[in-house]
Amino acid sequence: MMFGFHPLEGGYDVPMRIVGANIPYEWLIYIIMFIPIGIFLYGFYKRVQVWQLAKGEIHRNDQVGQRILSWLGYTLAQARIIRKPLAGWMHFFLFWGFVVLFIAAGVDASHYWLGFPHIEGASYIGFSWLVDVFGLLATIGIIVLAIVRYLQKPDRLNDTKASDGWIILLVFVILVTGFVIEGLRIAAQITMSTTMAQIAYEQKASPIGWLFAGMFNNMQLDAVLMWHRVLWWFHMAIAFLFIALIPFTKLWHIFSGMLNYAFRDLEPSACRMVYNIEEAETFGVENIEEFGWKDLLDLDACIRCGRCQENCPAFNTGKHLNPKVTLIQAMKEHLDAKAPYLLAAKEEAAEAEAVAMTAEAEAEVAEVNPMEQSLLYDVVTTDVIWDCTNCRACMEHCPMFIEHIPKIVDMRRNLVMWQGDMSSEAQMAFTNMERNYNPWGVGFANRAEWLKERDVRDLVNLVPEDGKDFEYLLYAGCAVSFDDRYKRVGEALVRLLDKAGVSFGYLGVEEYCCGDSARRLGNEYLYQTLAQSNIDSFNNYGVKKIIVVCPHGYNTLKNEYPQMGGNYEVYHYTEILAKLVAEGKLKASHALNAKVTYHDSCFLGRHNNVYDEPRGVIKAAGGNIVEIEKSKSFGFCCGAGGGRMWLEEDAVEGYKRINDTRTDQLLVPEPELIVTNCPFCLTMIDDGVKAASKEEQTKVLDVAEVLWRSMQ
């Protein structure tokens, strides 16, 4: 024996394998392994130090049970990853292959550290078979992922780095050498066995290893044993290299992603609240370290898969914003460059010492001193910040639950409320909301005039004047009140609710803008002023249930007003109409029998997961919906969200504007009707149809209009 050396034998009386057989000094591996583990723990500690630089407050210590379930579902089931079938399932195979191989390695180590007996008999065959099969699946997974990245080259992988290839190669070599080592062991045991029956159990226990063993049939036993030892040590070395590299490479997403699953935002879609805004000394985020720790964790969790950019309307129409490259990765590179300075300043307390680096070392960190770079103007840039429509496609499809929109809104808040840097269009929208409580700028005293214009005043309980009791409050919103086209939608909805016998009231001039555009454009103070005015009005009249017309107002009242104590039952009008149709209170007198393409509003769909109710109403009216490729969670934004309704959009050379691009998608089936559920969407799509010169063939209507037409 050579320090516990176990010679390799032929078959055994019962199916089994001696761990470490034929490996001189095998015990050394259990000492050496503390080196990569130590490097890994050091790297983990350094990343935690970087996250601790965050100054922003994000509390994610609530709903512990739900967070554990989230971790389990998205880590073990890879629920978000497999939404993209090919790449997703290959990643699933790779993940579980490594999990099973890690467990197998742990079982082997337990023999040394804990003295566990060897697995024998049917247990050995079953366990070994499982390890072999999952190892094969992992190998298939890494090969297919390499083919996708380097042969298919989808646009979403447009920032492939040299390190990506080296990591893929490292993983592949680890997996393949494992099978080669197993094949060499089995080949040696076959040669050493007196009969094939003595080792035949390995055909079941190690089916892939058995195939590899056939490659060494003609080799001398001494050569097989030598190569088994050499490759075993090589395999362990690269496996340890893999462990050591995790915190310093793209592999770090394995752990940062798991943390993101546990600490993801479990609340409904809402902008982050700024509490005690009157006492704030600064607004928004100007420097990378002013974000919260979860924001910095997001940067580490990004695996550059490109699913965000693949679904981003701004990126797909040639804008500066690319959620992956010009936002998250740009911020990550800036954080990695700036962190050493910030950590040094934090540890040494003297900024002069913190930045005392040689010119050569400074050049290695960054060409420009990152401490002198502006996050808003040099790293992300204002073009990127203002391009976002808040459509949530990036967040919906990110497998790591990275929160893009809150970061953009926080940077907009700094530009607007601290820098005073905004477009004239944004400033005009703010002025209109400040003076007349609506972004159109029409006199607030005219807010209820649409009732008379559309001849529905007698059907509406105008609460401040009529004083009648009501079950629901109709929050009509600014578009119904001031947009001539959308007043017709308000009329249709009022007539439908009246016909169904719904008890509803309307506040008229005591209804204010919901504040969505102000908040998402970065003017948090204006938003809170408007929101508080509405909450005071609602509470003054004892409002419990609210029907909202605009999806932007719906999201704001439902998900954001509770941040300020405004807790109500909030429904989008399509949810109410779907309920009334299901109850038989609204029935079409004649079916429209029209071919329809339906546009999912981002704030009703991705922000609130309301997809089926509007479709149900359209079908009840006799609309024959043709689902286009970009629908439901993959729907393409109209371009007006995130306050961009009030900002000018210039088409980039070689691209169309966002609304024209979306309209073209909706026109592909040559529909008679394009149906929307949002005033912004209706305006943008209607403009797109006119730009395409299709207004004679295709009409643009709202869901309420479609149902009302079928009942006339």
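Structure first, text after, so check above.
This write-up is about the structure you can find in this document. From a predicted model like this one, the values you see are computed outputs, not experimental measurements.

Here is the idea: a disulfide is a covalent bond, and it sits between the sulfur atoms of two cysteines. For the structure on display, the rule yields zero disulfides. Looking at the unpaired Cys271, the closest cysteine sulfur is the one in Cys388, lying at 10 Å. Overall, the relative accessible area of 5% leaves Cys271 in the buried class. Between Cys398, a free cysteine, and Cys305, which holds the nearest cysteine sulfur, the sulfur-to-sulfur gap is 6.2 Å.

Moving on, we come to a nonpolar patch on the surface. Residues Ile31, Phe34, Ile37, Leu41, Tyr112, Trp113, Leu114 and Phe116 make up a contiguous nonpolar surface patch of about 810 Å² in total accessible area. Put simply, the parts of the chain that give the nonpolar patch at least two residues each are α2 (34–51) and α4 (85–113). Judged by its relative accessible area of 41%, Trp113 falls in the partly exposed class.

Read across the sheet, five strands follow the order β1-β3-β2-β4-β5 without closing on themselves; strand pairing throughout is parallel. Strands at the two margins of the open sheet, each flanked by one partner only, are β1 (461–462) and β5 (569–572). The sheet contact formed by strand β4 (residues 545–548) and β5 spans four bridges and is parallel. Counterpart to Lys545 in the pairing with β5 is Glu569. Across the sheet, helix α24 (residues 484–499) touches β2 (472–475), β3 (504–506) and β4, and the angle it forms with β3 is around 150 degrees.

Now for helix α30 (residues 658–667). Residues lying three or four places apart along an α-helix face the same way, a consequence of the helix completing one turn every 3.6 residues. Judged by how many residues are buried, α30 sits mostly within the fold: nine of ten residues are covered. Taken together, the buried positions of α30 are Ile658, Asn659, Asp660, Thr661, Arg662, Thr663, Gln665, Leu666 and Leu667. Those residues of α30 that are buried are in contact with β6 (594–598), β8 (673–676) and α31 (679–691).

Glancing now at the environment of Phe44. By secondary structure assignment, the location of Phe44 is in helix α2. In sequence terms Phe44 and Ile385 are 341 residues apart; their C-alpha atoms lie 31 Å from each other. Contact partners of Phe44, with chain neighbours within four places excluded, come to Pro247 and Trp252.

Mapped onto the elements of the fold, Asp132 is located in helix α5 (residues 121–152). Arg185 is the oppositely charged side chain nearest to the buried, salt-bridge-free Asp132, at an N-O distance of 7.0 Å.

Attention now moves to the packing of aromatic side chains. Considering all chains together, one arrives at 26 aromatic pairs under this definition. Geometrically, the ring pair formed by Phe40 and Phe255 is tilted, given 5.1 Å between the ring centres and 55 degrees between the ring planes. Taken together, the positions of Phe40 in helix α2 and Phe255 in helix α10 (residues 253–262) put the pair 215 residues apart, joining distant regions of the chain. For Phe40, a relative accessible area of 12% translates into the label buried. Each ring, one from Phe44 and one from Trp252, has its centre 5.4 Å from the other, and the planes form 85 degrees; the classification is edge-to-face. Here Phe44, found in helix α2, pairs with Trp252, found in the loop between α9 (221–245) and α10; they are 208 residues apart in sequence, far enough to count as distant. Note on Phe44: relative accessible area 29%, which makes it partly exposed.

Right, let's get into helix α26 (residues 524–540). Its 17 residues place the ends of α26 24 Å apart at the C-alpha level, agreeing with the 24 Å of an ideal helix rising 1.5 Å per residue. Along α26, the residues classified as buried are Glu524, Leu526, Tyr527, Gln528, Leu530, Ala531, Asn534, Ile535, Ser537 and Phe538. Each element contacted by the buried residues of α26 is listed here: α19 (404–419), α20 (424–436), β2, α25 (516–520), β4 and α27 (551–560). Looking at the residues trailing α26, positive phi occurs at Gly542, about 65 degrees.

Strand order in the open sheet made by the four strands is β7-β6-β8-β9, with parallel pairing throughout. Lying at the two open borders of the sheet, with one neighbouring strand each, are β7 (623–625) and β9 (699–702). Within the sheet, the average angular offset between the axes of one strand and its neighbour, ignoring direction, is 40 degrees. The pairing of β6 with β8 spans three bridges and is parallel.

This brings us to the side chain of Gln49. Examined against the element boundaries, Gln49 turns out to sit in helix α2. Non-local contacts of Gln49, meaning those with residues more than four positions away in its chain, are made with Leu343 and Glu347.

Applying the stated criterion across every chain yields a total of 47 salt bridges. Across the pair Asp484 and Lys487 runs a salt bridge, and its minimum N-O distance is 3.1 Å. Within this pair, Asp484 and its partner Lys487 are both found in helix α24, separated by three residues, close to a single helical turn. Residue class for Asp484 comes out exposed when judged on its relative accessible area of 56%. For Lys487, a relative accessible area of 6% corresponds to the buried category. In this structure, Glu524 and Arg519 form a salt bridge, with 3.0 Å as the shortest nitrogen-oxygen distance.

Note on soluble globular proteins: their nonpolar side chains tend to be buried together. Counting 160 residues, the largest nonpolar core has Leu375, Phe538 and Leu577 as its most contacted members. Per-element accounting of this core gives the leading share, eight residues, to helix α13 (residues 323–348). If near-sequence neighbours (up to four positions away) are discounted, Phe538 is found in contact with Leu473, Tyr475, Leu507, Val543, Ile546, Leu557, Tyr561 and Tyr568. Formed by 30 residues, the second largest nonpolar core is a distinct cluster that contains Met16, Val180, Ala187 and Val224.

The next thing to look at is empty space enclosed by the protein. The method is simple in principle: a probe with the dimensions of a water molecule rolls over the atoms, and the space it marks as empty is what remains. If you walk through the whole model with that rule in mind, you get four cavities of 30 Å³ or more. The calculated volume of the largest cavity comes to roughly 170 Å³. If you list the elements that add at least two residues to the lining of the largest cavity, you get α23 (477–482), α25, α27 and α31. The dominant element in the lining of the largest cavity, judged by the number of residues it contributes, is α23, at four residues. Considered class by class, the residues forming the lining of the largest cavity number 15 nonpolar, four polar and two charged.

About the thresholds
- As a convention, each chain's residues are numbered from 1 in the sequence order in which they are written.
- The predicted nature of this model means local features are confined to residues of pLDDT at least 70 and side-chain atom pairs, given and counted, to a pLDDT of 80 or more, with totals for whole chains, interfaces and linings taken over all residues.
- Hydrogen atoms and water are omitted, and side-chain values are computed over all heavy atoms in the structure.
- Two cysteine sulfurs form a disulfide in these notes if their separation is within 2.5 Å.
- Per-residue accessibility, obtained with a 1.4 Å probe over protein chains only, is compared with the maximum for each type, and a residue is labelled buried under 20%, exposed over 50%, and partly exposed between these values.
- Each patch groups residues whose relative accessible area exceeds 30% and which form no salt bridge, using 9 Å between like charges and 5 Å between nonpolar side chains of Val, Leu, Ile, Met, Phe, Trp and Tyr.
- Method for areas: the Shrake-Rupley scheme with a 1.4 Å probe, in which residue coverage is limited to the protein chains shown.
- Any Lys or Arg side-chain nitrogen found within 4 Å of a carboxyl oxygen on Asp or Glu counts as a salt bridge.
- Comment: elements are numbered from the N terminus, with helices defined as DSSP H or I runs of at least four residues and strands as E runs of at least two.
- Should DSSP find at least two bridges between two strands, the strands are regarded as paired.
- The contact criterion used throughout is that any non-hydrogen atoms of two residues lie within 4.5 Å.
- Axis angles are defined between N-to-C directions and span 0 to 180 degrees, where every axis is a line fitted to C-alpha atoms and, for a helix, only to the segment in contact.
- Under the counting rule used here, the positive set is Lys and Arg, the negative set is Asp and Glu, and His together with the chain ends is not counted.
- For Phe, Tyr and Trp, rings pair up if their centres lie within 6.5 Å, where Trp contributes its six-membered ring, and each pair is then called stacked (planes under 30 degrees apart), edge-to-face (over 60) or tilted (otherwise).
- In a helix, the anticipated span is given by 1.5 Å times the number of residues less one.
- Side-chain atoms within 4.5 Å are what join buried Ala, Val, Leu, Ile, Met, Phe, Trp, Tyr and Cys residues into a set we call a nonpolar core.
- Using only the protein atoms, space was sampled on a 1 Å grid; points where a 1.4 Å probe fits but cannot get out form cavities, open sets with protein on both sides within 12 Å along at least five of seven lines form pockets, and lining residues are those with an atom within 4 Å of a point.
- Grid points are joined across faces, edges and corners, and a volume is the space filled by probe spheres set on the points.
- Under the convention adopted here, Pro, Cys and the residues Ala, Val, Leu, Ile, Met, Phe, Trp and Tyr are nonpolar, Asp, Glu, Lys and Arg are charged, and Gly plus all remaining residues are polar.

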